[in-house]
Amino acid sequence: MQTAIIICRYRKRYVFFALLSMALFRIPLFFNKKVHFYKLMGSGKNGSFSKTPDWQQWAILLELKTTVTVSHTLTELLKEITGKIISHWFRFFQCETCLFVLEPAQSRGLWDGKKRFLATGQPLEPNEKIAVLTRATIRLNRLQSFWKHVDAVNKEMLASDGYIISYGIGEWPLLSQATFSIWQSQEKMMQFAYKNKNHAAVITKTRSENWYSEDLFARFKIIHCAGTLKGKNPLQGKNLNL
């Protein structure tokens, strides 16, 4: 099954409708026969886990039962994936929208008590661009410990060799957070994740101090990226060979 992540930005005057969409979109997605699993999420401002919401930017994550026709335009792709209601909503409110089409390559952990994003294709090549989804539900008694380390780790990620772009997304403020990031290669991503002393130390703490009630880490092949955010395609000029 392919995975789609849609990041959309509303104009400031339409923020109320952005909030409203998080409730209304549940109906067409629930009845969408092409969707196996979905999450409607808000977005943080700093590209990773964030206490500060970006009220203009929102995300939809979809695990699909079908294969996306990537030769289509963005409008056609959104209609194919989400259906008429959501795609027309984006157009009506003049949302700036970017769609990432992904193929799961590796996943561990659970989301809502179930395994997600099971590998469906070939293993990642050593120098192939990679998308990563890191998600966690933080225990209430570990919130202070978690958030104390977030800013330092995020700064190091943004400055890491091989880092391309990232988005902080989440189901619930403070408690249920995720980061969707793209890297030049699996090796570059792993260098940050396990050889960066600060990040490696945080990983150790999450396990030894049991910070999370549930977490998930998934890697994806990048099949397609269409649309723009803040005026440009986030992967334009990155030699992704999409």
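Quick caveat: nothing in here was measured; it's all calculated off a predicted structure. (Residues numbered from 1 in each chain as written. Predicted model: local features only at pLDDT ≥ 70, side-chain atom pairs only at ≥ 80, totals over all residues. Heavy atoms only, no water.)

Asker: Sorry, what's going on with the pairing of strand 3 (residues 53-64) here?
Answerer: Sheet faces and side chains relate simply in a regular strand, where the side chains alternate between the two faces. Counted residue by residue, strand 3 has 10 buried out of 12 residues, so it is predominantly covered. Two strands pair when backbone bridges link them, and strand 2 (residues 35-44) and strand 3 are joined in this way by eight bridges, in the antiparallel orientation. Bridged to Phe37 within strand 3 is Glu63. (Buried < 20%, exposed > 50% of the residue type's maximum accessible area, 1.4 Å probe, protein only. Helix = DSSP H or I, 4+ residues; strand = E, 2+ residues; numbered from the N terminus. Pairing = 2+ DSSP bridges.)

Asker: How should I be thinking about the sheet that holds strand 6 (residues 163-172) in this particular structure?
Answerer: Strand pairing in a sheet takes place through backbone hydrogen bonds and is either antiparallel or parallel in direction. The strand order around the closed barrel formed by eight strands is 1-3-2-6-7-5-8-4, and the pairing between neighbours is antiparallel. The sheet shows a mean angle of 30 degrees between the axes of neighbouring strands, taken without regard to direction. Bridge count between strand 4 (residues 96-109) and strand 8 (residues 212-227): 11 bridges; the pairing is antiparallel. From the neighbouring strand, Arg108 faces strand 8, where its bridge partner is Phe217. (Axes fitted to C-alpha atoms, helices over the stretch in contact; angles between N-to-C directions.)

Asker: Any chance you could explain the environment of Phe49 here in plain terms?
Answerer: Along the chain, Phe49 turns up in the loop between strand 2 and strand 3. Its relative accessible area of 12% is what places Phe49 among the buried residues. As a C-alpha pair, Phe49 and Thr204 span 155 residues in sequence and 18 Å in three-dimensional space. The residues contacting Phe49, other than those within four sequence positions of it, are Thr134, Phe146, Trp147, Val150, Gln177, Ala178 and Thr179. (Contact = heavy atoms within 4.5 Å.)

Asker: I keep staring at the pairing of strand 5 (residues 130-138) and nothing clicks. Help me out?
Answerer: Summarising burial for strand 5: eight of the nine residues are buried, a large majority. Two strands pair when backbone bridges link them, and strand 5 and strand 7 (residues 176-183) are joined in this way by eight bridges, in the antiparallel orientation. Of the residues in strand 7, the one forming a bridge with Ile130 is Trp183. Summarising the sheet, strand 5 and strand 8 pair through nine bridges and their orientation is antiparallel. Pairing of Val132 across the sheet is with Arg219, part of strand 8.

Asker: What is the right way to read a nonpolar patch on the surface from this model?
Answerer: On the surface, a cluster of nonpolar side chains totalling about 270 Å² of accessible area is made up of Phe16, Leu20 and Leu24. Here Leu24 lies in helix 1 (residues 15-24). Given the relative accessible area of 36%, Leu24 is considered partly exposed. (Patch = residues over 30% accessible without salt bridge, like charges linked within 9 Å, V, L, I, M, F, W, Y side chains within 5 Å. Areas by Shrake-Rupley, 256 points an atom, 1.4 Å probe, with all protein chains shown as cover. Salt bridge = Lys/Arg side-chain N within 4 Å of Asp/Glu carboxyl O.)

Asker: Looking at this structure, how should I read the side chain of Gln57?
Answerer: Looking at the secondary structure, you find Gln57 in strand 3. Within the local environment of Gln57, its side chain forms a polar contact with the side chain of Arg9, the two groups lying 3.0 Å apart. (Polar contact = N/O pair within 3.5 Å; in protein donor to acceptor, adjacent residues only side chain to side chain.)

Asker: What exactly am I supposed to notice about the pattern of salt bridges here?
Answerer: Pairing between side chains of opposite charge can happen when their charged atoms approach one another. In total, this model carries eight salt bridges according to the counting rule given. Across the salt bridge formed by Glu128 and Lys221, the nearest N and O atoms sit 3.1 Å from each other. Of this pair, Glu128 sits in the loop between strand 4 and strand 5 while Lys221 sits in strand 8; the two residues are 93 residues apart in sequence, bridging distant segments of the chain. Taking the relative accessible area as the measure of exposure, Lys221 reaches 11% and is therefore buried.

Asker: Looking at this structure, how should I read the confidence of the model for the protein?
Answerer: In low-pLDDT regions, the fine details of the predicted coordinates are not to be read closely. Summing up the model confidence of the protein, the mean pLDDT is 91 and the portion of residues at 70 or higher is 98%. For the protein, helix 7 (residues 197-208) is the element with the lowest average pLDDT, namely 84, and helix 2 (residues 26-30) is the one with the highest, namely 97. (pLDDT = per-residue confidence, 0-100.)

Asker: Explain the packing of aromatic side chains to me, please; I cannot follow it from the model alone.
Answerer: For any pair of aromatic rings, the description consists of the separation of the ring centres together with the inter-plane angle of the planes. Within the structure shown, the criterion is met by 21 aromatic pairs. For the pair Phe25 and Phe90, a centre-to-centre distance of 5.8 Å together with 85 degrees between the ring planes defines the contact as edge-to-face. Highlighted residues: Phe25 in the loop between helix 1 and helix 2 and Phe90 in helix 4 (residues 84-92), separated in sequence by 65 residues. Note on Phe25: relative accessible area 2%, which makes it buried. Relative accessible area serves as the criterion here: at 3%, Phe90 is assigned to the buried category. With a centroid separation of 5.5 Å and 25 degrees between ring planes, the pair formed by Trp183 and Phe192 is classed as stacked. Across the pair, exposure class does not vary: Trp183 and Phe192 are buried alike. Here the aromatic residues Tyr14, Phe16, Phe17, Phe25, Trp89, Phe90, Phe92 and Phe93 are joined through ring pairs into a cluster of three or more. (Phe/Tyr/Trp six-rings, centres within 6.5 Å; stacked < 30°, edge-to-face > 60°.)

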